[in-house]
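As a plain string of letters, each chain reads:
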Amino acid sequence: MEIARLGPGDANALGDLNRFFARVFPDPELLDHPGLEDDAASLWLADERNVALVARAGDAIVGGLVAYRLDKIEGRREFYLYDLAVDEGYRRRGIATALIGELQNIARAAGSWMIFVQADYGDDPAVALYEKLGVREDVMHFDIVP
């Protein structure tokens with residue numbers, strides 16, 4: 001199993017990751033978008049505030065993580081783990097934990113004080129994973145239309 005951070009030359013792999021998420025998440029209609037054009041994907045990947053990690057078995061993506069670095073006005077830096085998924089046939093092998101471990105390395109090197117993530121009620125495997133790795137806080141989440 002190989003864990004790798006995608007970089008500016010990996011625009012095609014970022015598209016593959018987007019399609020992977022669309023396939024494994026319970027509501028693929030929310031994620032089944034064409035993704036960024038190659039030039040935009042390269043720019044996105046060149047921005048150190050954006051993190052895209054893939055777990056590969058051979059050439060196939062079997063897990064992925066996307067996170068965003070937030071540089072806050074009080075001078076602290078944190079990362080928001082936005083997407084994390086592992087192919088059903090590869091679960092319970094430590095892939096999600098390894099992806100988060102790599103994000104922890106990236107966050108530590110960037111001087112971050114925290115990584116935060118949300119999980120939905122009913123997503124018991126995600127809740128169990130995050131409770132194993134961190135402290136649970138119950139908060140309310142609101143979507144505000146721009």
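Residues numbered from 1 in each chain as written. Predicted model: local features only at pLDDT ≥ 70, side-chain atom pairs only at ≥ 80, totals over all residues. Heavy atoms only, no water.

This part takes up the overall build of the protein. Scanning the protein from terminus to terminus reveals five helices and five strands. Reading the protein from its N terminus to its C terminus gives the helix and strand order β-α-α-α-β-β-β-α-β-α. A compact globule built from 146 residues should have a C-alpha radius of gyration of about 15 Å, and the protein, at 15 Å, falls within 12% of that. The 146 residues of the protein split such that 36% are buried. As displayed, the protein has an accessible area near 9700 Å², and 52% of this comes from carbon and sulfur atoms. (Helix = DSSP H or I, 4+ residues; strand = E, 2+ residues; numbered from the N terminus. Rg over C-alpha atoms; globule rule 2.2 N^0.38 Å. Buried < 20%, exposed > 50% of the residue type's maximum accessible area, 1.4 Å probe, protein only. Areas by Shrake-Rupley, 256 points an atom, 1.4 Å probe, with all protein chains shown as cover.)

For strand β4 (residues 77-86), the buried fraction is high: eight of the 10 residues fall into the buried class. As defined by bridge partners, strand β3 (residues 60-71) adjoins β4 across nine bridges and the pair is classed as antiparallel. By the bridge assignment for β4, G63 is matched with V86. Once β3 ends, the chain turns through five residues before running back antiparallel as β4, passing G75 with a positive phi of about 95°. Here β4 runs beside strand β5 (residues 114-117); their pairing, made up of four bridges, is parallel. Looking at the pairing, Y80 lines up with F116 of β5. Of the crossover connections in this fold, the one passing from β4 over helix α4 (residues 95-109) to the parallel β5 is right-handed. (Pairing = 2+ DSSP bridges. Right-handed = clockwise from strand over helix to strand, strands pointing away.)

This part is about the packing of helix α1 (residues 11-24) against helix α3 (residues 38-46). Where α1 contacts α3, the two axes come as close as 8 Å, and the packing angle between them is 90°. Taken together, the axis directions place α1 and α3 in an arrangement best described as roughly perpendicular. Each of A11, N12 and L14 in α1 lies in contact with α3, whose residues at this interface are D38, A41, S42, W44 and L45. Considering only residue class, the contact of α1 with α3 consists of five nonpolar, two polar and one charged. (Axes fitted to C-alpha atoms, helices over the stretch in contact; angles between N-to-C directions. Parallel < 35°, antiparallel > 145°, perpendicular 65-115°, else oblique. Contact = heavy atoms within 4.5 Å. Nonpolar A, V, L, I, M, F, W, Y, C, P; charged D, E, K, R; others polar.)

V51, L53, L65, L84, L99, I100 and L103 are the most contacted members of the largest nonpolar core, which has 20 residues in total. Going through the elements one at a time, β2 (50-57), β3, β4, α4 and α5 (124-133) are the ones with two or more residues in this core. If you tally residues by element for this core, the top one is α4, at seven residues. Judged by nonpolar contacts, the second largest core, of 18 residues, contains L17, A41, L45 and A85. (Core = buried A, V, L, I, M, F, W, Y, C linked by side-chain atoms within 4.5 Å.)

Summed over the entire model, instances satisfying the criterion amount to 11 salt bridges. A salt bridge links E74 to R76, with the shortest nitrogen-to-oxygen separation between them at 3.7 Å. The class for E74 is partly exposed, based on a relative accessible area of 45%. For D138, the salt bridge is made with R136, and the minimal N-O distance between the two is 3.0 Å. Through salt bridges with shared partners, one network takes in E48, R69, D71 and R77. (Salt bridge = Lys/Arg side-chain N within 4 Å of Asp/Glu carboxyl O.)

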